[in-house]
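Residue-level listing of the chains:
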Amino acid sequence: ADSAAKDYAGILHTQDSTEEAIAFIKRYLTQVPARKQDSFRRMLEYLEKQLLDRPEEFPRRLLVSSTAGEELRESEVRQIFGKRALKLVSVEPLEESFLVTFQSFSA
């Protein structure tokens, strides 16, 4: 159960829900025996530090271009990101590349 709780908090963090992950760990910590709390406290410290160290707006954009000099299509750009393509806000064509914008910096 402890491992699953840490995994859940980690998933929340990767989905840009760090505040929710912190709240979850704090709630869960009250149910953990004192001898097992160290790893949860370390995770809590890590998450809180991540939240404080985060600039107001992390880069959420990526410039994608072909290295072979061939023309790149939007469908190919979306295909590059696989499942993460669902987290794309936009794929804007530029002269010889695409500007890709994600929902969050952790996408």
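Visitor: Outline the pattern of salt bridges, listing residues and values.
Guide: For side chains of opposite charge, pairing can occur when their charged atoms come near one another. The full count for this structure, using the stated rule, is 3 salt bridges. The closest approach of N and O atoms between Glu48 and Lys26, which form a salt bridge, is 3.7 Å. One end of the pair, Glu48, is in helix α3 (residues 37–53); the other, Lys26, is in helix α2 (residues 18–29), with 22 residues separating them in the sequence. Glu48 sits in the partly exposed class, given a relative accessible area of 29%. Residue Glu74 is joined to Arg78 by a salt bridge in which the shortest nitrogen-to-oxygen separation is 3.1 Å. Taken as a pair, Glu74 and Arg78 lie in helix α4 (residues 74–80) at a separation of 4 residues, close to a single helical turn.

Visitor: Please provide a residue-by-residue account of α2, values included.
Guide: Here α2 is 12 residues long and its end C-alpha atoms lie 16 Å apart, about the 16 Å a rise of 1.5 Å per residue gives. All of the buried residues along α2 are Thr18, Ala21, Ile22, Phe24, Ile25, Tyr28 and Leu29. Around the axis of α2, the buried residues are gathered within 165° of arc, so they sit on the same side.

Visitor: So what about the packing of helix α1 (residues 2–14) against α2? Which residues, and what values?
Guide: Each pair of packed helices gets described by two things: the angle between the helix axes and the distance between those axes. Packing of α1 against α2 leaves a shortest axis separation of 7 Å and a crossing angle of 160°. One finds that α1 runs roughly antiparallel with respect to α2. Here the hand of the crossing between α1 and α2 comes out left-handed. The residues of α2 that touch α1, namely those facing Asp2, Ala5, Tyr8, Ala9, Leu12 and His13, are Thr18, Glu20, Ala21, Phe24, Ile25 and Tyr28. Class assignment for the residues of the contact of α1 with α2 results in 8 nonpolar, 2 polar and 2 charged.

Cut-off values and rules
Residues numbered from 1 in each chain as written. Predicted model: local features only at pLDDT ≥ 70, side-chain atom pairs only at ≥ 80, totals over all residues. Heavy atoms only, no water. Salt bridge = Lys/Arg side-chain N within 4 Å of Asp/Glu carboxyl O. Helix = DSSP H or I, 4+ residues; strand = E, 2+ residues; numbered from the N terminus. Buried < 20%, exposed > 50% of the residue type's maximum accessible area, 1.4 Å probe, protein only. Expected span 1.5 Å × (residues − 1). Arc of directions from axis to C-beta. Axes fitted to C-alpha atoms, helices over the stretch in contact; angles between N-to-C directions. Parallel < 35°, antiparallel > 145°, perpendicular 65-115°, else oblique. Left-handed = near helix turned anticlockwise from the far one by under 90°. Contact = heavy atoms within 4.5 Å. Nonpolar A, V, L, I, M, F, W, Y, C, P; charged D, E, K, R; others polar.

Limitation: the analysis is restricted to geometry and does not speak to function.
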